[in-house]
Amino acid sequence: MADFKKGMLKRMLILAVAVTFLFCADGVRVLYLQIVQHDDLAAKAESQQLSDTEVSAMRGTIYDSEGNILAQSATVWNIFIDPSNITSDEKRDLVVNGLADFLKLDDKEKQELLEKSKKDTKYVVVANKIENDIKEKISAYSAEHKLGNIIGTEQTTKRYYPYDNFASSVIGFTGGDNQGLSGIEAYYDDELTGTNGRIITVKDAKSNKLPTDYETSVDAIDGNSLVLTLNQNIQYYLEKGLRTTMEEYQCKGAYGIVMDCNTGAILAMSSMPDYDCNEPYKITYSKTKKELKKITDKDEKAQKQSEAIQNQWRNFTVSDTYVPGSVFKTFMSCAALEENVVTLDTSYTCTGSIQVGDYRMKCHYHAGHGTQNLTQGLENSCNPFFITIGQRLGVHNYFKYFDAFGFTQKTGIDLPGEAMSQYYKENQYGLVELSSASFGQTNSLTPIQVCSGICAIANGGTLLKPYIVAEVKDANGNTVRKTKKTAVRRVISEDTSEKVRTMMKAVVDEGTGKNGYVAGYRVGGKTGTSTKLGESGAGEKDKYIVSFAAIAPSDHPEIAALILVDEPNVDLGGGALCAPIAAQVTEQAMQVLGIEPKYDDDEAKNLSISTPALIGMSVDSAKTTLSDKNLKYKIVGDGKEVISQSPSAGSAIPSGGITVLYTEKTDKKKVTVPDFAGLTISEANATAAEKDLNIEISGNNLSASSVVAYSQSTEKGTKVDIGSVITVSFKNTTSVLD
């Protein structure tokens, strides 16, 4: 018995120890779970009990200076399914067939959707950023077939660019998650991006969402909006001119900047080839498309296509450098006049070349310009003249103004990827380097640096910081901040500024920049050409980038512009290719800015007159009225009284133009607008007369035999009323690579 009791006691002791051990182990386990793994387990429990949905904030809107929307975000929807709730093949068919129909899936995509519907998961996204009308159809279909626990929608946003290619190199675009990838969208990404909100909903044991009584939400905060300095009208004409020239001359690129020279605001900026901001990976330039089509190797084609896409995203005006060529002579003129090493009366006799050390440097006009004063030297863009000016100035003074005009620093413009200029430091110049630099070679600058320098010449001598965003506004439209004019430094005196502006006007009136002329607006300018050294292969002709800088009006400037054409397929300089674009843009800018034209006597003679009001007059009286105004007429109908006319009363019509008088009720006669491109003035007048059309002639030096039409206000092939007025612009095709 004693042994039995002893055995029982032993067994009870062992059991007690075992139980105690188990209790201790469980206690330790509980403590471990409660303390060490508390956060992880709490998160897992929360994820099983709560649904946390992110609500995308609306990205801020981008406006032009007139309030036109250039970029905006709108609500779209992601479509997802919960495969775990698909409990029958019938439901699966309803889900797959319905979604495939609404999303317009092809057979392959439909098969992929079917595979997704069989996954062992509760959440699979099947479509991203679906428009609201499609989402509503899917929701209605889901409700009709009781698929609410299978098909779901999530709100998100999508970026839209209403004007497609418009100002694309400036605006940029966003990525799939709405982050800015290029242009303003990238530079101001933090401003434009808001703070996402959240919707937290309790789920039941089957992970289905409970009613909204159990829902908690945190509102999204939309991003700030931007008001740009760009003017839509000026930007349109800049892009139109660049695109037309690039296509006609199959250039590598065409670039332009228009600035308010008194504030530094960018009124227009473009870099061609451009792209559609809505489809940034789609190649737009016809020349590039043709080149890619010729490539047969798959890998090579993919590489070239990638390079082409990257190229069209680049904003050359900010992110690349070029040798400015003879446009730089305006800055040399400023430095030399400011340092009193020349006056306007300083003369030089050009023989076509000049000896510099062991080198003979040529003028673009090999026969020589003969004896010229300073203004004539700039008009003729005479290299030897400016070489002598640079030598008189000396390295120290040359570099002093090179630095003062901002060519040794970035401008600080609020756009991404601004390049740094490539230039010789002061201690690196010898006689040859100084001489070459004096007519715009040797150093490479960004277009925005050059245009900012031209602004300094135009505004009286102050270098300004360029900017593209005028104002930042919050989601409620309240102004967060405005950009103020920033003066960097005074570079030259007002007296020197006035002298150089007058010289630049002479370049347009009498020199290489005649095609930059705009009647009534006294445009000043300077042409430029630079050889792209090292880029031409053996046996190839030299490649050029040609340019034209403009200011207007030259006596009281409001704008400065720089136009560049990169590697045109003909040897024409900036005077032929760039100046006409500058003229068109300048005319539009003057009208936008409300600057009235001031015509001299010669210009006044060529002004259009106002078409008289003739409706209600007898035919004989109308004829007399038109004859008195030196206008021709054409009668349509056999009536005795004018009941309709074309052009309408008050329309501008050139002197000697035709007015069509209708004397019976009838539809106005139509005619197809011809193509005036390449015609001389007399040929264009004859062509217009054959069609009973009026042409208003625009351009300078219109008596020259080399003047031909290059653009028209109404596109060829358009149907218009007979008697309509078509403005035809002419340019001088005689050009120098200066």
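Not measured: the values here are computed from a predicted model.

**Here we look at the overall build of the chain**
Here is step 1 of the chain: On a plain count of helices and strands, the chain comes out with 23 helices and 31 strands.
Here is step 2 of the chain: As displayed, the chain has an accessible area near 35500 Å², and 49% of this comes from carbon and sulfur atoms.

**A word on the sheet that holds strand β29 (residues 707-712)**
Here is step 1 of the chain: Spatially, β28-β31-β29 is the arrangement adopted by the three strands of the open sheet, whose pairing is mixed. In this open sheet, the two strands that pair with only one neighbour each are β28 (694-698) and β29. Across the sheet, the mean angle from the axis of one strand to that of its neighbour is 40°, orientation sign disregarded.
Here is step 2 of the chain: Both β29 and strand β31 (residues 725-732) contribute to a ladder of five bridges, which runs antiparallel. If you follow Q712 over to β31, its bridge partner there is V728.
Here is step 3 of the chain: Strands β28, β29 and β31 of the sheet are contacted by helix α23 (residues 681-690), whose axis makes an angle of about 160° with β28.

**Points about the side chain of T174**
Here is step 1 of the chain: Along the polypeptide, T174 turns up in the loop between α6 (168-171) and α7 (183-187).
Here is step 2 of the chain: The exposure class of T174 is buried, given its relative accessible area of 14%.
Here is step 3 of the chain: Those residues in contact with T174 that sit more than four places away from it in its chain are R59, R159, Y161, Q179, G180, L181 and E185.

**Some points on the sheet that holds strand β24 (residues 644-646)**
Here is step 1 of the chain: Taken together, three strands build an open sheet; the order of strands is β23-β26-β24 and the sheet is mixed. At either margin of the open sheet sits one strand with a lone partner, and together these are β23 (632-636) and β24. Between one strand and the next, the sheet's axes are offset by a mean angle of 20°, whatever the strand orientation.
Here is step 2 of the chain: The pairing of β24 with strand β26 (residues 658-662) spans three bridges and is antiparallel. Bridge assignment links Q645 to a residue of β26, and that residue is L661.
Here is step 3 of the chain: Helix-sheet contacts for helix α22 (residues 619-628) involve β23 and β26, and the interaxial angle to β23 is about 160°.

**A short note on the pattern of salt bridges**
Here is step 1 of the chain: Tallied over the entire structure, the rule returns 18 salt bridges.
Here is step 2 of the chain: Between R481 and E191 there is a salt bridge, and its shortest N-O distance comes to 2.6 Å. Here R481 is found in strand β17 (residues 479-482), whereas its partner E191 is found in helix α8 (residues 189-192), with 290 residues between them in sequence.
Here is step 3 of the chain: You can call R481 partly exposed: its relative accessible area is 38%.
Here is step 4 of the chain: Two residues, E339 and K400, come together in a salt bridge whose shortest N-O distance is 3.0 Å. Taken together, the residues span a long stretch of sequence, with E339 in the loop between α13 (329-338) and β11 (347-350) and K400 in helix α15 (residues 383-404) at a distance of 61 residues.

**Details of the packing of aromatic side chains**
Here is step 1 of the chain: Tallying each qualifying case throughout the model produces 26 aromatic pairs.
Here is step 2 of the chain: Taken together, a centroid distance of 6.0 Å and an interplanar angle of 25° make the contact between F399 and F402 stacked. Of the two residues, F399 and F402 both sit in helix α15, three residues apart, roughly one turn of that helix. In terms of burial, F399 and F402 fall into one category: buried.
Here is step 3 of the chain: The structure contains a cluster of three or more aromatic residues connected by ring pairs, namely F328, F331, Y398, F399, F402, F405, F407, Y423, Y424 and Y429.
Here is step 4 of the chain: The ring of Y710 is capped by K731, whose NZ or CZ atom sits 5.3 Å from the centre of that ring.

**Comments concerning the packing of α13 against α15**
Here is step 1 of the chain: Between α13 and α15, the least distance of the axes is 9 Å, while the angle of their chain directions is 70°. By the angle between their directions, the pair α13 and α15 is classed as roughly perpendicular. At the point where α13 passes α15, the crossing takes the left-handed sense. Across the interface between the two elements, K329, M332, S333, A335, A336 and E338 from α13 touch N383, F386, I389, G390, L393, Y398 and Y401 from α15.
Here is step 2 of the chain: The class makeup of the residues in the contact of α13 with α15 is eight nonpolar, three polar and two charged.

**As for a negative patch on the surface**
Here is step 1 of the chain: A cluster of like negative charges, contributed by D106, D107, E109 and E112, occupies part of the molecular surface.
Here is step 2 of the chain: When you line up the elements, D106 lands in the loop between α3 (89-102) and α4 (107-116).

**Some words on the side chain of S73**
Here is step 1 of the chain: Summarising the element assignment, S73 is placed in strand β3 (residues 69-81).
Here is step 2 of the chain: For S73, the side chain forms a polar contact with the side chain of R159, separated by 3.0 Å.
Here is step 3 of the chain: When sequence neighbours within four positions are dropped, the list of residues in contact with S73 reads M58, R59, T157, K158 and R159.

**Here's the deal with the nonpolar core**
Here is step 1 of the chain: Judged by nonpolar contacts, the single largest core of 94 residues is most densely connected at I184, Y398 and F405.
Here is step 2 of the chain: No other element matches α15, which puts 10 residues into this core.

**Topic: the pairing of strand β9 (residues 253-260)**
Here is step 1 of the chain: Most of β9 is tucked away: eight of the eight residues are buried.
Here is step 2 of the chain: Because side chains alternate across β9, one face comprises the buried residues G253, Y255, I257 and M259, and the other comprises A254, G256, V258 and D260, equally buried.
Here is step 3 of the chain: As judged from the six bridges shared by β9 and strand β10 (residues 266-272), these two strands associate in the antiparallel manner. Within the sheet, the bridge partner assigned to Y255 lies in β10 and is S271.
Here is step 4 of the chain: Between β9 and β10, which follow one another and run antiparallel, lie five residues, and G264 among them has a positive phi close to 95°.

**Considering unusual backbone geometry**
Here is step 1 of the chain: Between M272 and the following residue, P273, the backbone shows a cis peptide bond with an omega angle of 0°.
Here is step 2 of the chain: Within the secondary structure, P273 sits in the loop between β10 and α10 (286-294).
Here is step 3 of the chain: Residue S646 is joined to P647 through a cis peptide bond whose omega torsion reads 0°.
Here is step 4 of the chain: By secondary structure assignment, the location of P647 is in the loop between β24 and β25 (652-653).
Here is step 5 of the chain: Phi angles above zero are rare outside glycine, and K146 is one such case at about 55°.
Here is step 6 of the chain: Tracing the backbone shows K146 in the loop between α5 (132-144) and β5 (151-160).

**Observations regarding α23**
In an α-helix, one turn spans 3.6 residues; hence positions three or four apart end up facing the same way.
Here is step 1 of the chain: If you check which residues of α23 are buried, you get I681, A684 and A688. Burial along α23 is one-sided: seen end-on, the buried residues are contained in an arc of 65°. Of the exposed residues in α23, those oriented more than 90 degrees away from the buried face are S682, A689 and E690.
Here is step 2 of the chain: Check the buried side of α23 and you find it contacts β28, β29 and β31.

**As for the environment of T195**
Here is step 1 of the chain: Tracing the sequence through the fold places T195 in the loop between α8 and β6 (197-202).
Here is step 2 of the chain: Given the relative accessible area of 48%, T195 is considered partly exposed.
Here is step 3 of the chain: Filtering out sequence-adjacent residues up to four positions away, T195 remains in contact with A57, A220 and I221.

Here is what the cut-offs are and how they apply
- Residues numbered from 1 in each chain as written.
- Predicted model: local features only at pLDDT ≥ 70, side-chain atom pairs only at ≥ 80, totals over all residues.
- Heavy atoms only, no water.
- Helix = DSSP H or I, 4+ residues; strand = E, 2+ residues; numbered from the N terminus.
- Areas by Shrake-Rupley, 256 points an atom, 1.4 Å probe, with all protein chains shown as cover.
- Pairing = 2+ DSSP bridges.
- Axes fitted to C-alpha atoms, helices over the stretch in contact; angles between N-to-C directions.
- Contact = heavy atoms within 4.5 Å.
- Buried < 20%, exposed > 50% of the residue type's maximum accessible area, 1.4 Å probe, protein only.
- Salt bridge = Lys/Arg side-chain N within 4 Å of Asp/Glu carboxyl O.
- Phe/Tyr/Trp six-rings, centres within 6.5 Å; stacked < 30°, edge-to-face > 60°.
- Lys NZ or Arg CZ within 6 Å of the ring centre and 35° of its normal.
- Parallel < 35°, antiparallel > 145°, perpendicular 65-115°, else oblique.
- Left-handed = near helix turned anticlockwise from the far one by under 90°.
- Nonpolar A, V, L, I, M, F, W, Y, C, P; charged D, E, K, R; others polar.
- Patch = residues over 30% accessible without salt bridge, like charges linked within 9 Å, V, L, I, M, F, W, Y side chains within 5 Å.
- Lys, Arg positive; Asp, Glu negative; His and termini not counted.
- Charge placed at Lys NZ, Arg CZ, Asp CG, Glu CD.
- Polar contact = N/O pair within 3.5 Å; in protein donor to acceptor, adjacent residues only side chain to side chain.
- Core = buried A, V, L, I, M, F, W, Y, C linked by side-chain atoms within 4.5 Å.
- Arc of directions from axis to C-beta.

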